[in-house]
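Descriptive structure summary
This is what each chain is made of:
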Amino acid sequence: MKTPKLDLRLLSYLLTVGETGNITHAAEQLHIAQPTLSKALKILEHQLGVTLLKRHAHGVTLTPVGERLVQHARAVRAQVAQAETELEQRRLGTTGTVRIGAGPSWVRRYLPDAIAQVLMEDVGLQIEIVGGFDATLLTGLTTGDLDFVVAELPLVRDGDYAFEHLTTDNLVVISRPEHALADKVGVRAGDAMRFRWGLPPTDTLAHRKLVGKVTSLGLDLPERIVISSSHTFLMTLAGITDLLLYTTRSQMKTLEGSHLVEIDIPELMTSRDAGLIWRSGALPSPAAERVARALKQYCSRDPRN
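Everything numeric in this text was worked out from a predicted model, so none of it was measured.

All right, on to the packing of helix α1 (residues 8-20) against helix α3 (residues 34-48) then. The geometry of α1 relative to α3 is characterised by a closest axis approach of 10 Å and an angle of 115° between their N-to-C directions. Considered as vectors, α1 and α3 are oriented roughly perpendicular to each other. In the crossing of α1 with α3, the sense of the turn from one axis to the other is left-handed. Taking contact as the criterion, the partners of Leu-10, Leu-11, Tyr-13, Leu-14 and Val-17 in α1 are, on α3, Leu-37, Ala-40, Leu-41, Ile-43, Leu-44 and Gln-47. Looking at side-chain class alone, the contact of α1 with α3 contains 10 nonpolar, 1 polar and no charged residues.

Here it is in structure tokens:
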């Protein structure tokens, strides 16, 4: 068997240096001497045969290889923290805590039902829900702040994550019934671009998909855009103004979206897959597995969300 080159202790040193950007500050955090840390980093570079750091007068920066290794180091740290938490819970006889990152549609449909079912079976279970959009949630998953994410699945499946498909829905344009386009059939995308739009942040898949659709049609994006990380705010605003939203069709089944209607713009419609996202190689806690299992049961009955 090939002996691993990677020393986990040295890997943790690199992670601290990468997060501080300064060897002296990192040494203080690690409670070791600065020359000792510098030597340890050179040993790590020698073991791997690559340059991990660029040293300059004001500190250090990671090379591309160093940045990638730090990403792996964060995943290792998250997994170790999860193991420590689970072992402590088993020692104390407690059930555990599940930390879930949820996209806008999931905090309104399926996830509340699944959690309610699990809580009836296990009253000692602690649940933490973090709502948000895909990019922010994946960051929390990488750092170990979240056990898993349920959200739109990325277009490019990064090897850092494992994916389980749960639902499929269409991204469509919706607005209040009083909107000038609400009773039209086959609205052209160019006509819709003249109105004000409400969109999630630019780093979200929904925003990027709309940009891709508009660009492929040779159109310019609307000049008047309201951007918010709160989908509830956007749907509430759309109910009282002529704001066009680009979101999943299932949002009209929610309380906030029940008064909104779909605008018939075939050129902008596209499909969206969503599901569970885990850290690749991570061992889910029994509590996290129970919640995920309940969620999969609800989605199997109506796989559109």
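Two aromatic rings, taken as a pair, are described by how far apart their centres are and by the angle between their planes. This structure, assessed with the given rule, holds 3 aromatic pairs. Where Phe-148 meets Trp-278, the ring centres are 4.9 Å apart and the plane angle is 40°; that geometry is what we call tilted. With a gap of 130 residues between them, Phe-148 in strand β5 (residues 148-152) and Trp-278 in strand β11 (residues 270-279) connect regions that are remote in the sequence. A residue is classified by how much of its surface remains accessible, and Phe-148, at 0% relative accessible area, is buried. Geometrically, the ring pair formed by Tyr-161 and Phe-163 is edge-to-face, given 6.5 Å between the ring centres and 65° between the ring planes. By relative accessible area, which is 22% here, Phe-163 ends up partly exposed. The aromatic ring of Tyr-110 is capped on one face by Arg-109, whose charged end is 4.7 Å from the ring centroid.

A separate point is the environment of Val-70. Relative to the helices and strands, Val-70 is located in helix α4 (residues 64-92). Using a relative accessible area of 2% as the deciding quantity, one classes Val-70 as buried. Taking C-alpha positions, Val-70 is 39 Å from Val-172, a pair spaced 102 residues apart along the chain. Residue contacts for Val-70: discarding those within four places in its chain leaves Leu-14, Leu-15 and Leu-62.

The next thing to look at is the pattern of salt bridges. Throughout the structure, instances matching the rule amount to 14 salt bridges. We note a salt bridge from Lys-209 to Glu-152, for which the minimum N-O separation is 3.0 Å. Taken together, the residues Lys-209 in helix α8 (residues 205-216) and Glu-152 in strand β5 connect sequence positions 57 residues apart. Take Lys-209 and Glu-152: they sit in the same class, and that class is buried. The network of salt bridges with shared partners includes Glu-19, Arg-74 and Arg-77.

Relative to the helices and strands, Asn-170 is located in strand β6 (residues 161-175). In this view, Asn-170 contacts Thr-247, Thr-248, Arg-249, Met-269, Thr-270, Ser-271 and Arg-304; residues no more than four positions away in its chain are not counted.

This next bit is on the pairing of β6. Looking along a regular strand, one sees side chains alternate from face to face of the sheet. Two strands pair when backbone bridges link them, and β6 and β11 are joined in this way by 10 bridges, in the antiparallel orientation. Looking at β11, one finds that Phe-163 is bridged to Ile-277. Sheet topology note: the β6/strand β9 (residues 243-248) ladder contains 4 bridges and is antiparallel. If you follow Val-173 over to β9, its bridge partner there is Tyr-246. Pairing between β6 and strand β10 (residues 261-263): 3 bridges, direction antiparallel. Each bridged residue has a counterpart across the sheet, and for Val-173 the counterpart in β10 is Ile-263.

Parameters and conventions
- Residues numbered from 1 in each chain as written.
- Predicted model: local features only at pLDDT ≥ 70, side-chain atom pairs only at ≥ 80, totals over all residues.
- Heavy atoms only, no water.
- Axes fitted to C-alpha atoms, helices over the stretch in contact; angles between N-to-C directions.
- Helix = DSSP H or I, 4+ residues; strand = E, 2+ residues; numbered from the N terminus.
- Parallel < 35°, antiparallel > 145°, perpendicular 65-115°, else oblique.
- Left-handed = near helix turned anticlockwise from the far one by under 90°.
- Contact = heavy atoms within 4.5 Å.
- Nonpolar A, V, L, I, M, F, W, Y, C, P; charged D, E, K, R; others polar.
- Phe/Tyr/Trp six-rings, centres within 6.5 Å; stacked < 30°, edge-to-face > 60°.
- Buried < 20%, exposed > 50% of the residue type's maximum accessible area, 1.4 Å probe, protein only.
- Lys NZ or Arg CZ within 6 Å of the ring centre and 35° of its normal.
- Salt bridge = Lys/Arg side-chain N within 4 Å of Asp/Glu carboxyl O.
- Pairing = 2+ DSSP bridges.

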